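Here is how the chains run, residue by residue.
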Amino acid sequence: MSTKTLAKPRGTRDMLPDEMESRREIEMRLRNCARTFGYREITTPAFEETELFTIRSGEGIIAEMYAFEDKGGRSLALRPELTAPALRLYVNEGRSLVKPIKWCYFGDCFRYERPQKGRYRQFWQFGAELIDADSAFADAEIIMLANELLTSAGVTFTLKIGHLACMRTLLSETPPALQVAVRQALDKRESDKAASLLSENGYEHLVQPLLALTQAKTLSEIFSIIGNIPEKERIVEICQILDTAGVTYELSPAIARGLDYYTGIVFEAFAEGLGAENQIMGGGAYRLAHLFGGKDTPSVGFAIGFDRVMVALSNKQVVAPKPQVSIIYLPETRDAAVHVAAMLRKRGICVELDLMGRSFSAQMKNAGKIADAAIIIGENEKSTGTVTAKNLKSGEQMQWSLSALPEHITEFMSER
Ligand code: HAM
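Residues numbered from 1 in each chain as written. Predicted model: local features only at pLDDT ≥ 70, side-chain atom pairs only at ≥ 80, totals over all residues. Heavy atoms only, no water.

### Overview of the site of the ligand
Step number 1: If you check the shell around the ligand, you find 25 residues, and the closest are Glu81, Thr83, Glu113, Tyr262 and Gln279.
Step number 2: A distance of 2.7 Å separates a nitrogen atom of the ligand from a polar side-chain atom of threonine 83.
Step number 3: For the ligand, a nitrogen atom lies 2.9 Å from a polar atom in the side chain of glutamate 129.
Step number 4: For the ligand, whose free accessible area comes to 650 Å², the fraction covered by protein is 93%.
Step number 5: Elements represented by at least two residues in the shell around the ligand include exactly strand E6 (122-131), strand E10 (279-286) and strand E11 (299-305). (Near = heavy atom within 4 Å. Polar contact = N/O pair within 3.5 Å; in protein donor to acceptor, adjacent residues only side chain to side chain. Areas by Shrake-Rupley, 256 points an atom, 1.4 Å probe, with all protein chains shown as cover. Helix = DSSP H or I, 4+ residues; strand = E, 2+ residues; numbered from the N terminus.)

### Quick notes on the pairing of strand E14 (residues 373-377)
Step number 1: Across the five residues that make up E14, a large majority, five, are buried.
Step number 2: Residues Ala373, Ile375 and Ile377 point to one face of E14 and Ala374 and Ile376 to the other, with burial holding for every one of them.
Step number 3: Note that strand E12 (residues 324-329) and E14 share five bridges and pair parallel. Counted as the bridge partner of valine 325 is alanine 373 from E14.
Step number 4: When E14 meets strand E15 (residues 386-391), the two strands line up antiparallel, connected through four bridges. Each bridged residue has a counterpart across the sheet, and for isoleucine 376 the counterpart in E15 is threonine 388. (Buried < 20%, exposed > 50% of the residue type's maximum accessible area, 1.4 Å probe, protein only. Pairing = 2+ DSSP bridges.)

### Looking at the pattern of salt bridges
Step number 1: Counted according to the given criterion, the structure contains 20 salt bridges.
Step number 2: With a closest N to O distance of 4.0 Å, glutamate 250 and lysine 160 form a salt bridge. Taken together, the residues glutamate 250 in strand E8 (residues 250-251) and lysine 160 in strand E7 (residues 157-163) connect sequence positions 90 residues apart.
Step number 3: For aspartate 296, the salt bridge is made with arginine 287, and the minimal N-O distance between the two is 3.3 Å.
Step number 4: Take aspartate 296: its relative accessible area is 45%, and that puts it in the partly exposed class.
Step number 5: Connected through salt bridges with shared partners, the residues Asp134, Asp139, Arg234, Arg287 and Asp296 form a single ionic network. (Salt bridge = Lys/Arg side-chain N within 4 Å of Asp/Glu carboxyl O.)

### As for helix H12 (residues 334-346)
Step number 1: Along its 13 residues, H12 runs 18 Å from first to last C-alpha, staying within 8% of the 18 Å computed at 1.5 Å per residue.
Step number 2: Against the buried residues of H12 lie E12, strand E13 (350-353), E14, E15 and helix H15 (405-414).
Step number 3: A positive backbone phi angle near 80° is found at glycine 348, which sits one or two residues after H12. (Expected span 1.5 Å × (residues − 1). Contact = heavy atoms within 4.5 Å.)

### With respect to the pairing of E15
Step number 1: Here E15 lies mainly inside the structure; five of its six residues are buried.
Step number 2: Pairing analysis gives five bridges linking E15 to strand E16 (residues 397-401), with the strands arranged antiparallel. Bridging across to E16, valine 387 finds its partner in tryptophan 400.
Step number 3: The turn joining E15 and E16, which pair antiparallel and follow one another in sequence, is formed by five residues; a positive phi near 85° is taken by glycine 395.

Here you go:
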């Protein structure tokens, strides 16, 4: 027999009950919020055909995925994100549904990355996809939803919005490989590197406009650098709708969002105090359906990095622990204890009963550690058909008939 203590795999986490209760609370807020915008939840498999993810991003993405061959020789991958699976589902089954499709999801994703604070190999995303609505209002609504979700979670964040057309226009005269390299550098917030790439390749005249664009904060500054591009009208309209909705955001025309599937508007949110991994949400407009065998369909969506939101909230108390009752009983009053526990649990009260044959006084001592109130069912209570309730915070004690117990107990526990 091995004496080695087994540990969890690198980049994964175990979660104890306190943490899980906080996570469930935030999950519930996110689901409720998405529902108020009319987004309904979907679930897709944890693993998919590897091709679903390589078809757009190329084979290179395999290095960042948990890709494997199953026993039937199929090439599969644990999902690194949920947009491609959602669009596959749309192509498979969603085409007959009422347009536009408004879906949200919450699920774990897997990426073979170097773990650090806020970056894990298994992490959770809460996301939304708005499929087959191509308008400024559609883009604005999805940004409003992302903003509202993060607000409802209680996290403090900065929302940044850009449009890929800005950089695309500025770099249009440069070769595609250089555009990729410049956008990659900007994605890593290395604007100096982006500038040197341009000057090294004979595009010195673009350095100043590039740096000005990365700094531009208003629509007029942006369009004075890149001119009146065809996308201007839509960008202006999106901003107008967001302003009307009272969304606070910064314009950030240099957002590149990786280089994968985005085509138009792009947006990201950053939380304070998270260090390097401070991006808590990212999204944008994209087209994927045609790659999965469907019609070319405009879509826009985002995903919130749920674990990063939880790290950002970790100094705040998310949920107060649920008040708890401990029933203290004797071997002769165990049946009564079982009945009282069932009666209180039916009313949603959290009840603990000794399962280890502890003595009356040991049960009482344990209750002091885990419960807010004790319900004592001793000989005296058994013979009179009553229970004694003791508020373990204030020491206050009451005696009620069994039938009066449910009526009084909640209020009694909250009196501290
Ligand atoms: P993404 O930017 O790759 O976009 O991921 C979205 C969010 O997931 C990030 O902003 C980050 O908060 C979180 N995240 C990413 N990797 C990790 C990790 N290793 N550990 C913890 N959190 C992580 C997408 O995945 C797109 N599917 C978003 C989207 C939806 N675009 C359109 N629709």
